[in-house]
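For reference, the chains in residue letters:
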Amino acid sequence: MEIKEERSSDEAQQFLPSSQLDSLGEPQFTSIQKIANEPKLEFSLACKDLVAATRDRKLNTFIQVSVVHPAEHILTRYSSTEIVEGTKDPLFLTGVTFPPEYPIYEETKIKLTVYDVKDKCQDTVRTSVLPDHKEPRADVGRSFLGCATFRVGDLVKSKEQQLTLTLRTSDGGKTVGTIEVNLVKMGELEEGETDHITADTQDQKCALVRECTATEGISGKDNLPSLNAVLRNPVCKLYRFPTSDNKWMRIREQMAETTLSFHVPKELINLHIKEDMRRNQELKDLGELAPHWDNMRKSVIAHCDQMLSMYQDTLAELGKHTGSSFKSSCSKGEKTLEFIPINLHLQRMHVHSPRLKDALYDVITVGAPAAHFQGFKNGGLRKLLSKFEAERRNTGYQCIYYSPENTAKAKEVLSNINHLQPLISSHADLLLSSASQRSPDSLKNSLKMLSEKTELFVHAFKDQLVRSALLALYTARPGCVLKKPAVSRNSAEEGADAQHQEHPSQIKRQDSIPHHSEYDEEEWDRVWANVAKSLNCLIAMVDRLLEKDNINNIKEGENEPSAADCKALHTGGDWYEQLYPLVITLKDCMGEVVTRAKQSMAFVLLQELACGLPQCLMLTLRRDIVFSQALAGLVCGFVIKLHTGLHDQGFLQQLHTVGLLVQYEGLLSTYSEEAGMLEDMAVGISDLQKVMFKVIEAKSEDFLPIITGRREHYIIEVQLPAKMFELLPQEIKEGKLLRMYPVLFNVGINEQQTLAERFGDTTLQENINQENLELLKEYYKLFTEKMPPDCLPHFQEQNDLKGLLESLHQNIQAKKRKNVEIMWLAATICRKLNGVRFTCCKSAKDRTSMSVTLEQCSILRDEHQLHKDFFIRALDCMRREGCRIENVLKNVKCRKYAFNMIQLMAFPKYYRPPEGTYGKADT
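Report follows, based on the coordinates. (Residues numbered from 1 in each chain as written. Predicted model: local features only at pLDDT ≥ 70, side-chain atom pairs only at ≥ 80, totals over all residues. Heavy atoms only, no water.)

**Observations regarding the packing of helix H6 (residues 291–319) against helix H15 (residues 615–644)**
Now for step 1: It is the contact of H6 with H15, at a shortest axis distance of 11 Å, that shows an interaxial angle of 25°. Comparing the axis directions of H6 and H15 gives the class roughly parallel. Note that H6 runs across H15; the crossing there is right-handed. Residues His-303, Cys-304, Met-307, Met-310 and Tyr-311 of H6 form the contact with H15, whose own contacting residues are Leu-617, Met-618, Thr-620, Leu-621 and Asp-624.
Now for step 2: Residues of the contact of H6 with H15, tallied by class, amount to 7 nonpolar, 2 polar and 1 charged. (Axes fitted to C-alpha atoms, helices over the stretch in contact; angles between N-to-C directions. Helix = DSSP H or I, 4+ residues; strand = E, 2+ residues; numbered from the N terminus. Parallel < 35°, antiparallel > 145°, perpendicular 65-115°, else oblique. Left-handed = near helix turned anticlockwise from the far one by under 90°. Contact = heavy atoms within 4.5 Å. Nonpolar A, V, L, I, M, F, W, Y, C, P; charged D, E, K, R; others polar.)

This is the structure:
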């Protein structure tokens with residue numbers, strides 16, 4: 001008989017080829033009745049009277065579950081239970097679940113094989129493929145005890161819904177005990193006290209775990225359409241733990257990857273391409289420049305075109321990607337996937353307690369946003385940007401230096417132009433349309449909209465930067481000679497009067513072209529003031545027309561006009577003809593402003609690029625990569641939080657009144673490459689402050705978010721179905737932009753952090769934590785000023801938050817080594833403020849798993865009365881049999897956390913995995 005290897009969880013939904021599925025679906029096989037989205041079959045296992053190989057040996061046993069499909073004689077390894085130590089009557093608290101998609105029928109046979117584990121450290125991976133009739137090698141650390149087989153139909157049709165099977169050695173001769181198989185209905189747990197199983201579970205390390213991949217728990221019936229658009233390949237585990245009053249609590253642990261891992265980066269790259277193409281065209285539209293500046297422009301455009309081509313190639317490669325919707329940790333260094341976040345997943349814990357309200361706890365787990373392909377030899381973005389800015393200040397003799405604030409302002413002006421000009425033009429056309437229809441109300445509304453947009457347009461150019469850039473551009477034209485050398489040193493610290501100094505090569509030019517007359521600085525004021533004057537003339541004319549129309553209406557009511565009066569009234573009152581010349585004048589004035597402003601701001605951007613080629617573009621690329629990874633995680637977190645908070649009016653009010661707190665927990669060390677990753681991550685998360693969200697009603701079945709805007713100014717439009725959209729407050733439904741408040745707290749916990757603390761430098765971590773503490777305090781201040789006290793959940797009080805913030809402040813100031821108290825405090829504050837939680841390490845696989853499981857068990861202890869004697873057992877259970885070990889398997893095809901004993905000696909106590917779950921992972 002052929003043996004198949006057990007599949008990883010992300011492959012679990014593709015169990016058999018479609019041809020086999022078709023053949024299995026024929027009437028000769030009897031389907032099992034099931035509820036939609038519920039597992040097809042679940043059962044629990046227990047053994048009795050097991051016989052050890054030697055009389056004095058205590059058994060440490062687990063059961064391996066295999067499936068024989070009725071259409072073929074192939075044995076497929078499916079799952080295993082946990083190891084139960086030191087008893088001949090083990091009660092296995094890990095159940096077996098077959099998800100809705102699994103092709104299992106009444107005719108299907110299930111084989112149960114019992115093994116005795118001699119050494120958990122050497123019992124490497126219980127999914128290794130071994131013929132069932134052979135005993136594992138001694139070096140594997142386990143020995144074969146016996147096996148039993150049953151038909152699924154016998155179990156589901158049994159009166160007691162239970163089977164007792166005789167466990168025999170593989171030759172079928174010797175009896176070595178019995179196996180009890182109990183049918184379990186999804187969600188049903190035993191009632192009553194926990195005392196009746198205390199004796200059986202005394203030496204066992206885990207509580208009840210059942211495995212499923214149904215989507216019901218994660219998405220819920222109401223949220224299915226919109227959440228199914230962003231969540232994929234869910235994995236679910238079910239536990240039961242005793243509470244301090246000896247009642248059972250039920251915990252459903254869930255994990256799902258998201259389509260946003262690829263959707264958001266592709267949308268972003270597409271926007272980058274459009275933005276860069278527009279910038280390149282603006283540089284070309286600068287007009288004629290002197291040779292020095294023209295050569296500079298050609299060089300910049302050449303480099304920009306090269307980078308543009310790289311973005312286009314990356315987008316094309318991502319368009320070819322099919323299959324899994326997450327990037328594994330093994331792929332973090334792949335160039336084609338560098339914009340994709342590493343191992344992005346939703347991790348959810350749903351708690352059902354006997355006396356407390358059900359609660360959900362979500363954490364987004366993702367690898368630290370960082371440019372792994374580009375490497376960290378010279379550090380990360382935080383250091384690289386600082387160094388680049390210092391160097392750029394000293395290259396003023398080659399080009400004009402503009403501060404980062406002014407280059408950002410130039411981009412904003414260009415963006416405003418591109419946004420407002422077409423709006424003003426369309427409103428002006430609407431005004432003429434209203435005039436042609438002689439509709440007073442429509443005319444008033446059109447004029448109001450036109451006035452508002454035009455005033456915004458005029459206001460955008462009331463900036464000294466535009467004036468100084470126009471002068472700088474004038475000096476760069478062919479044949480320009482100024483009486484004073486004048487090229488702007490246009491930094492935020494220097495006044496406008498010190499903005500005109502030309503570098504030596506441009507002070508005197510000996511061109512044959514006659515030089516221009518001296519630049520008239522007031523000309524720009526006149527140009528953009530003409531727009532306001534044109535608008536005022538238009539407003540005055542509309543007022544006159546409406547006033548005259550009102551007078552004529554009064555006269556018509558008093559006297560019946562003659563035919564001659566009607567003709568005179570009609571010809572004298574042609575609104576369209578009287579407004580048309582004024583609208584054309586407004587458009588012409590606006591066009592002149594746009595041309596000059598665009599050229600001047602494009603000239604500022606030319607200086608920014610020219611001062612730092614090619615480093616400037618490479619840093620932009622690196623920042624785009626890091627931001628893309630960070631934004632994908634943020635969008636996922638926002639969508640999940642919005643769905644879970646739709647019925648929480650306090651949260652929705654907080655969302656549009658204050659904004660959303662987004663707290664990142666970093667576990668990176670400040671040593672070697674991880675210090676560079678932390679620098680990248682800090683900048684990427686800080687850049688998220690400039691992202692705004694808007695919730696819109698979906699107009700189709702496509703619920704994926706829509707991204708608009710430009711670098712440093714993105715708007716994410718999250719789509720909701722009509723029924724869910726109606727639940728939102730009016731402010732959000734009207735399109736109010738929602739602010740994000742991202743904060744990052746990092747504490748390195750591995751052996752590299754030990755080196756950094758003893759021989760290196762931890763200043764980076766200390767500075768990041770201090771800076772983000774101030775941001776967190778700022779958010780809390782806004783929260784207390786704008787929100788009523790009763791908006792917090794019932795178990796939270798204002799005093800709690802004040803005390804937690806003070807404690808966090810003290811712990812950050814203490815500079816204690818590996819002070820994980822910082823992480824626990826920051827996470828607690830985030831949850832109390834209705835925030836979104838993130839946990840990150842290098843690949844969100846090993847250290848992240850330790851942190852997430854510790855957080856879940858701490859919540860069970862602190863908020864849901866987990867029995868104190870079961871805290872470590874619950875922790876070991878989640879780490880050994882829970883969703884996070886499935887995450888490791890998805891990433892490296894091995895159920896081993898990538899730690900060794902020496903590394904773990906440096907870890908804080910509660911961040912160490914249970915024995916037998918770590919070691920070298922062969923990827």
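**Quick look at the pairing of strand E14 (residues 345–352)**
Now for step 1: Burial of E14 is extensive: 6 of the 8 residues sit out of reach of the surface.
Now for step 2: Bridge analysis of E14 against strand E15 (residues 359–365) gives 7 bridges, and the strand direction is antiparallel. When the sheet's bridge partners are listed, Val-351 is paired in E15 with Ala-359. (Buried < 20%, exposed > 50% of the residue type's maximum accessible area, 1.4 Å probe, protein only. Pairing = 2+ DSSP bridges.)

**Details of the packing of helix H10 (residues 464–475) against helix H14 (residues 575–610)**
Now for step 1: Interhelical geometry of H10 versus H14 gives an angle of 80° and a closest axis separation of 8 Å. Looking at the two axes, H10 sits roughly perpendicular to H14. Taken together, the residues of H14 that come into contact with H10 (itself represented by Leu-465, Val-466, Ala-469, Leu-470, Ala-472 and Leu-473) are Arg-596, Gln-599, Ser-600, Met-601, Phe-603 and Val-604.
Now for step 2: Of the residues in the contact of H10 with H14, the class split is 9 nonpolar, 2 polar and 1 charged.

**Considerations on the side chain of Asn-60**
Now for step 1: For Asn-60, the position within the fold is in strand E3 (residues 60–68).
Now for step 2: Within polar-contact distance, the side chain of Asn-60 engages the backbone nitrogen of Gly-86 at 3.0 Å.
Now for step 3: If sequence neighbours within four positions are ignored, Asn-60 has contacts with Ile-83, Val-84, Glu-85, Gly-86, Tyr-115, Asp-116 and Val-117. (Polar contact = N/O pair within 3.5 Å; in protein donor to acceptor, adjacent residues only side chain to side chain.)

**Here we look at the packing of aromatic side chains**
Now for step 1: On inspection of all chains with the given rule, the structure shows 13 aromatic pairs.
Now for step 2: The interplanar angle of 25° and the centroid separation of 5.7 Å between the aromatic rings of Phe-627 and Tyr-714 together place this pair among those described as stacked. Remark: Tyr-714 occurs in strand E19 (residues 713–720) and Phe-627 occurs in helix H15; sequence separation between them is 87 residues. Tyr-714 carries the same exposure label as Phe-627, and that label is buried.
Now for step 3: Plain terms: the ring middles of Phe-638 and Phe-693 are 4.2 Å apart, the flat faces sit at 20° to each other, and that makes the pair stacked. Of this pair, Phe-638 sits in helix H15 while Phe-693 sits in strand E17 (residues 691–697), and the two are 55 residues apart along the sequence.
Now for step 4: The exposure class assigned to Phe-693 is buried, which follows from its relative accessible area of 0%.
Now for step 5: A connected cluster of aromatic rings, assembled from ring pairs, spans Phe-62, Tyr-115 and Phe-144.
Now for step 6: A cation over an aromatic ring shows up here: Arg-142 above the ring of Tyr-115, its NZ or CZ 4.8 Å from the ring centre.
Now for step 7: Positioned over the ring face of Phe-326 is Lys-890, at 4.6 Å from the centre of the ring. (Phe/Tyr/Trp six-rings, centres within 6.5 Å; stacked < 30°, edge-to-face > 60°. Lys NZ or Arg CZ within 6 Å of the ring centre and 35° of its normal.)

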